[in-house]
Amino acid sequence: MTTFDDLLEEAGTFGHCQRRIFALLCLLSLPFAGVYVGIVFQGFTPDHWCRDSAVVEMRQACGWSLADSRRLTVPLVNSSGVLQQSSCEQYKVDWNSTGLTCDTQELDLSGVPVSMCKDGWEYQNEGRKSFVTEFDLVCSDGWLVDMYQSTLNVGFLAGSFAFGYFADRFGRKVSFLMSFILNAISGFALAVAPNYISLLVFRTIFGFGAKGGWMTSYVLLTEIVGVEYRRTVGILYQMFFSVGVLILPLLAYFITDWRWLQVTITAPYILFLSYYWLIPESPRWLISQNNSSRAMEITESMAKENKKKLTRNLETLTDEEGDSPSASLLDLVRTPNMRKHTFILMFNWFTSGVVYQGLIMRVGIAGGDVYIDFLISGLVEFPAAFLILFTIERIGRRLPFASANIVAGTSCLVTAFIPDSMFWFKMVVACIGRLGITMAFEMVVFVNTELYPTFVRNLGVSVCSTLCDVGGIVAPFLLYRLAVIWLELPLIIFGVVAFIAGGLVLLLPETRGVPLPETIDDIEFPNRKKENPLENQQMKKLLKSKLTSNKETRSV
């Protein structure tokens, strides 16, 4: 019987057709980076202080600087052992009754009582607008900025489940078309949101569609290339996310209004609607739906574009996984090794989500030039993909995976204790941490697939990867709330979590050179079936050559 992989060998495992589709789908990662980490610029919190209408009027009339009026408005407070001007308190003075004049800049206000801000805030934002400055999400309302990113991850979480079902039920093409429509509508609605509540609602819907479409496209891509190319295209597909991370600060530098930046991030999804006509449905999915005739038509079109010709016929085409047993959530935890794999992978997905997002969002509060710092830290993500591709077949999976987490954890812990005076050294160590967690994030995807048997593989990846979104929900609260206590405290937490994740990875089995498990017994009793895939491949080639020679002998 003929399987789709047999047909794909004839049609071309990574020909012109697959390269074209790969290039188109990789473009999806560019705006997705803006969706994922755009909060650094859209939710940027500039230096701020209480607004006093009387002082503002005098500043305008007398030509005072912002520093002059701020000195008359807010008291000095002790922050981590350093005296600095308060952002959330103001002097309790009625300037209208005290006769404020242009000569009262040097008043001694040390004994004057203070109160919380009553008349809003002023921002040193240099003309840049974020939703923080528009909706005054500072001081006691600062936690609402955390909610903005957390609701995105709630959308990611729901979208992962919903689009996983849609893609299996209605097909890959219909699913990513639904995603693009949803992204366009919610993205533009987000750009004109009139208040903060509507902002959160549209942000959640935006996350729901964006993550679902990105994952569905990833699945489609891996289904139309040969087995030997799946891991490479999967890693490179994720690498284009890093390209989007590099483009984002350049856009944010020139587009100073968060609403117009949102429009720019959303606009590509209108163009992506054309993918419905440019990209074919997954033949593998069609075969699983007993639509072999349509699958054969698409495969023939792929072969034609690849300048290949199919010799196998339609009648012998079968779904090689059609008789798989049904998957259950209990299968993930019922037996000892499966349970160990599940809990370790869940923790690693959580770690990747919380540390990766946390380190990116930290750039916005670290105090340097947010655009330059974001660009530099984004650049270090590129070596991650190449390091993975270089090491996984030479060294294996487990050691690079564990090392990436441990390096990330160590870098976070070291960075926390480097003084700000050693700025560039601190930046280099932090970038090494960013490189480590990026490697770990990209590796957990395919390591997850290699540690579950075929019939429960998709379910296992879906369940474990939801912890990534849980990490994303936690990350902004962990970062912004702990940073109020001590700016480097979140790094301590990130470092400890990543270090533990790296240690746990060492408890997983090495999967380099090991066939993908087919049953739970293959996981529980790995030594029972020791096969060398290279020997199997050589044996298949030998048998094929013998069959060919026998045919030639008969024809003679």
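As annotated in an unreviewed UniProt entry, the protein chain carries the name Solute carrier family 22 member 3 and is attributed to Seriola lalandi dorsalis. Within the UniProt record for the protein chain, the comment given under Sequence similarities (unreviewed entry) is "Belongs to the major facilitator (TC 2.A.1) superfamily. Organic cation transporter (TC 2.A.1.19) family."

> So what's going on with the overall build of the protein chain? Which residues, and what values?
Scanning the protein chain for helices and strands turns up 26 helices and six strands. Looking at the 556 residues of the protein chain, the share that counts as buried comes to 50%. Summarising the internal contacts of the protein chain: among those between residues at least 6 apart in sequence, 80% fall at separations of at least 24. In the form shown here, the protein chain has an accessible surface area of approximately 25900 Å², with 63% of it arising from carbon and sulfur atoms.

> Break down the nonpolar core for me, with residues and values.
In this structure, Leu25, Val35, Phe41, Tyr275 and Phe374 are the most contacted members of the largest nonpolar core, which totals 123 residues. It is helix H18 (residues 336-362) that contributes the most residues to this core, 11 residues altogether. Per-domain counts for this core show at least three residues from each of domain 1 (1-46 + 128-294) and domain 2 (329-518). Residues contacting Val35, with those up to four places away along its chain left out, are Leu152, Phe156, Arg203, Phe206, Ala210, Ile265 and Tyr269. Among the nonpolar cores identified, the runner-up in size contains eight residues, and Val55, Leu72, Tyr91 and Trp95 belong to it.

> Which residues make up the state of the cysteines, and what are the values?
Enumeration over the complete set of coordinates arrives at two disulfides. Paired by a disulfide, Cys88 and Cys139 hold their sulfur atoms 2.0 Å apart. Every disulfide takes its handedness from the sign of the S-S torsion; for Cys88 and Cys139 that torsion is -95 degrees, giving left-handed. Pair noted here: Cys88 is in the loop between strand S3 (82-85) and strand S4 (89-91) and Cys139 is in the loop between helix H8 (131-135) and helix H9 (143-170), with a separation of 51 residues, a long-range link. The exposure class of Cys88 is partly exposed, given its relative accessible area of 23%.

> Now, about the environment of Ala404: what can you tell me, with residues and values included?
Assignment of secondary structure puts Ala404 in helix H21 (residues 398-416). Separated by 29 residues in sequence, Ala404 and Gly433 place their C-alpha atoms 8.6 Å apart. Those residues in contact with Ala404, other than ones at most four positions away along the chain, are Gly436, Ile437, Met439 and Ala440.

How each quantity is defined
- Each chain carries its own residue numbering, running from 1 in the written order of its sequence.
- Confidence filtering applies because this is a predicted model: local features only for residues at pLDDT of at least 70, side-chain atom pairs given and counted only at 80 or more, and all residues used for totals across whole chains, interfaces and linings.
- In computing side-chain properties, one takes all heavy atoms of the structure into account and sets aside hydrogens as well as water.
- UniProt positions are given in the numbering used here, feature names are shortened, and annotations may be inferred rather than shown by experiment.
- In this text, helices come from DSSP runs of H or I with a minimum length of four residues, and strands from runs of E with a minimum of two, each type numbered from the N-terminal end.
- Exposure categories follow from relative accessible area, calculated using a 1.4 Å probe and restricted to protein chains: below 20% of the type maximum is buried, above 50% is exposed, and the middle band is partly exposed.
- Residues count as neighbours in contact if any of their non-hydrogen atoms are within 4.5 Å of one another.
- The Shrake-Rupley method, run with a 1.4 Å probe sphere, supplies the accessible areas, and residue values consider only the shown protein chains as cover.
- What is meant by a nonpolar core is a set of buried Ala, Val, Leu, Ile, Met, Phe, Trp, Tyr and Cys residues, joined one to another through side-chain atoms within 4.5 Å.
- Note: domain ranges come from an automatic or database domain assignment.
- Here, the term disulfide refers to a pair of cysteine sulfur atoms separated by no more than 2.5 Å.

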